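Next come the chains, spelled out residue by residue.
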Amino acid sequence: MPTEQPTVVVRPAITFAVASDEELERPYRVIVENDDVTPMDFVVIVLRVFFELDLARAEQVMLTAHYEGRALVTVLPFQAAQERVYQAHHAAREAGYPLTFYLEPDQ
């Protein structure tokens, strides 16, 4: 006697977070973390290209991260900070490095 297959209904579990314009314009700190793989010169290039730091500031940020484990790169509105972090992560992964940035709300 053949058995009927049960009807399966798949409902994706999607959660949408709605952020107000005010929340998106709030300043966020972009932080770079030190790692033992990414060359210092590459970090400086990423800081200059994606975060528009001058050479002296980029070197200072890189050295602070190297010696203290992390460093403040810049403070930007959320969307701008998120986009630059995405671009920097993409460039680092393309080059084979684990360079990591993260965001935290600016107080």
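Residues numbered from 1 in each chain as written. Predicted model: local features only at pLDDT ≥ 70, side-chain atom pairs only at ≥ 80, totals over all residues. Heavy atoms only, no water.

### Notes on the nonpolar core
As a rule of thumb, soluble globular proteins bury nonpolar side chains together. Let me state the cut-off plainly: Only buried residues count toward a nonpolar core. Its members are Ala, Val, Leu, Ile, Met, Phe, Trp, Tyr and Cys residues joined through side-chain atoms within 4.5 Å. Burial classes follow relative accessibility: with a 1.4 Å probe on protein chains only, a residue under 20% of its type's maximum area counts as buried, one over 50% as exposed, and anything between as partly exposed. Helix and strand definitions follow DSSP, with helices as H or I runs of at least four residues and strands as E runs of at least two, each counted in order from the N terminus.
If you look at the biggest cluster of nonpolar residues, it comprises 23 residues, and the most contacted ones within it are Val32, Leu47, Phe51, Val73, Leu99 and Phe101. For this core, the elements supplying multiple residues, two or more each, are β1 (27-33), α2 (40-51), α3 (55-68), β2 (70-77) and α4 (78-94).

### Things to note about unusual backbone geometry
The backbone phi angle of Glu52 is positive, close to 55°, even though this residue is not glycine. Examined against the element boundaries, Glu52 turns out to sit in the loop between α2 and α3. The class of Glu52 is exposed, set by a relative accessible area of 60%.

### Structural notes on the packing of aromatic side chains
The geometry of an aromatic ring pair is captured by the separation of the ring centres together with the interplanar angle, meaning the angle of the planes. The following threshold applies: Stacked, edge-to-face and tilted are the three classes for Phe, Tyr and Trp ring pairs, Trp counted by its six-membered ring, which pair at centre distances within 6.5 Å; planes under 30 degrees apart are stacked, over 60 edge-to-face, the rest tilted.
The full count for this structure, using the stated rule, is three aromatic pairs. With centroids separated by 5.0 Å and ring planes inclined at 40°, the aromatic side chains of Phe51 and Phe101 adopt a geometry described as tilted. Taken together, the positions of Phe51 in helix α2 and Phe101 in strand β3 (residues 100-105) put the pair 50 residues apart, joining distant regions of the chain. Phe101 sits in the buried class, given a relative accessible area of 3%.

### Some words on the packing of α2 against α3
Put simply, the test is: Orientation is described by axes fitted as lines to C-alpha atoms, over the contacting stretch for helices, and by angles from 0 to 180 degrees between their N-to-C directions. Orientation labels follow simple angle bins: below 35 degrees gives roughly parallel, above 145 gives roughly antiparallel, 65 to 115 gives roughly perpendicular, and whatever is left gives oblique. Crossing chirality is assigned from the near helix's rotation relative to the far helix, an anticlockwise turn below a right angle marking it left-handed and a clockwise turn marking it right-handed. Here, residues are in contact when the closest pair of their heavy atoms is within 4.5 Å. Gly counts as polar in this scheme, as do all residues outside two lists: the nonpolar Ala, Val, Leu, Ile, Met, Phe, Trp, Tyr, Cys and Pro, and the charged Asp, Glu, Lys and Arg.
Look at α2 against α3: their axes get within 9 Å of each other, and the N-to-C directions meet at 130°. What the angle tells us is that α2 and α3 run oblique. Along this stretch, α2 crosses α3, giving a crossing that reads as right-handed. Side by side, α2 and α3 meet where Met40, Val43, Val44, Leu47 and Arg48 of the first sit next to Leu55, Ala58, Glu59, Val61, Met62 and His66 of the second. Looking at the contact of α2 with α3 residue by residue, the classes come out as eight nonpolar, one polar and two charged.

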